[in-house]
Amino acid sequence: MKTFVKNNSFVLLFMAVTIIAGAMLIFSVSEEGLPYQEITVQEGDSLWSIAKQYNNAKDMKEEDFIMWVQKENQLHSVKILPGDTLIIPVASHPSHAGGQVAFKGE
């Protein structure tokens, strides 16, 4: 068995890397391939108000919705400003124009 592994180590390594790369590709395509909705932040909005407005199906807890938005939009805090564009975990619908806002200066 040691001789088999030693003689075929390159093949085994190649197979392992291929399997890992394939799994990573499958998971990244399934997450990024979804057509998430993009909204523009409006004055008066917060991540909490956006979560309440768009998480109608209650697929996620509000906290999870906010954490997803922060992660996907590279937000380091909950601070958002009017005019910011955010991707939210809601399927995109051409007939639904989003408009969310934050307080000026916050």
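Provided above is the structure to which this section pertains.
Residues numbered from 1 in each chain as written. Predicted model: local features only at pLDDT ≥ 70, side-chain atom pairs only at ≥ 80, totals over all residues. Heavy atoms only, no water.

**With respect to helix α3 (residues 47-54)**
So, point 1. What α3 keeps buried is the set Leu47, Ile50, Ala51 and Tyr54. Angularly, the buried residues of α3 cover 100° about the axis, an arc narrow enough to put them on a single face.
So, point 2. Considering only its buried residues, α3 is in contact with β1 (36-40), α4 (62-72) and β2 (85-91). (Buried < 20%, exposed > 50% of the residue type's maximum accessible area, 1.4 Å probe, protein only. Helix = DSSP H or I, 4+ residues; strand = E, 2+ residues; numbered from the N terminus. Arc of directions from axis to C-beta. Contact = heavy atoms within 4.5 Å.)

**Topic: the pattern of salt bridges**
So, point 1. Tallying each qualifying case throughout the model produces one salt bridge.
So, point 2. For Glu72, the salt bridge is made with Lys71, and the minimal N-O distance between the two is 3.8 Å.
So, point 3. With relative accessibility at 29%, the residue Glu72 sits in the partly exposed group.
So, point 4. Residue classification places Lys71 among the exposed positions, given a relative accessible area of 61%. (Salt bridge = Lys/Arg side-chain N within 4 Å of Asp/Glu carboxyl O.)

**Overview of the packing of α3 against α4**
So, point 1. Taken N-terminus to C-terminus, the directions of α3 and α4 make an angle of 115°; their axes are 9 Å apart at the nearest point. Comparing the axis directions of α3 and α4 gives the class roughly perpendicular. As α3 runs across α4, the sense of the crossing is right-handed. Every residue of α4 that contacts α3 at Leu47, Trp48, Ile50, Ala51, Lys52 and Tyr54 is listed here: Glu62, Phe65, Ile66, Val69 and Gln70.
So, point 2. Looking at side-chain class alone, the contact of α3 with α4 contains eight nonpolar, one polar and two charged residues. (Axes fitted to C-alpha atoms, helices over the stretch in contact; angles between N-to-C directions. Parallel < 35°, antiparallel > 145°, perpendicular 65-115°, else oblique. Left-handed = near helix turned anticlockwise from the far one by under 90°. Nonpolar A, V, L, I, M, F, W, Y, C, P; charged D, E, K, R; others polar.)

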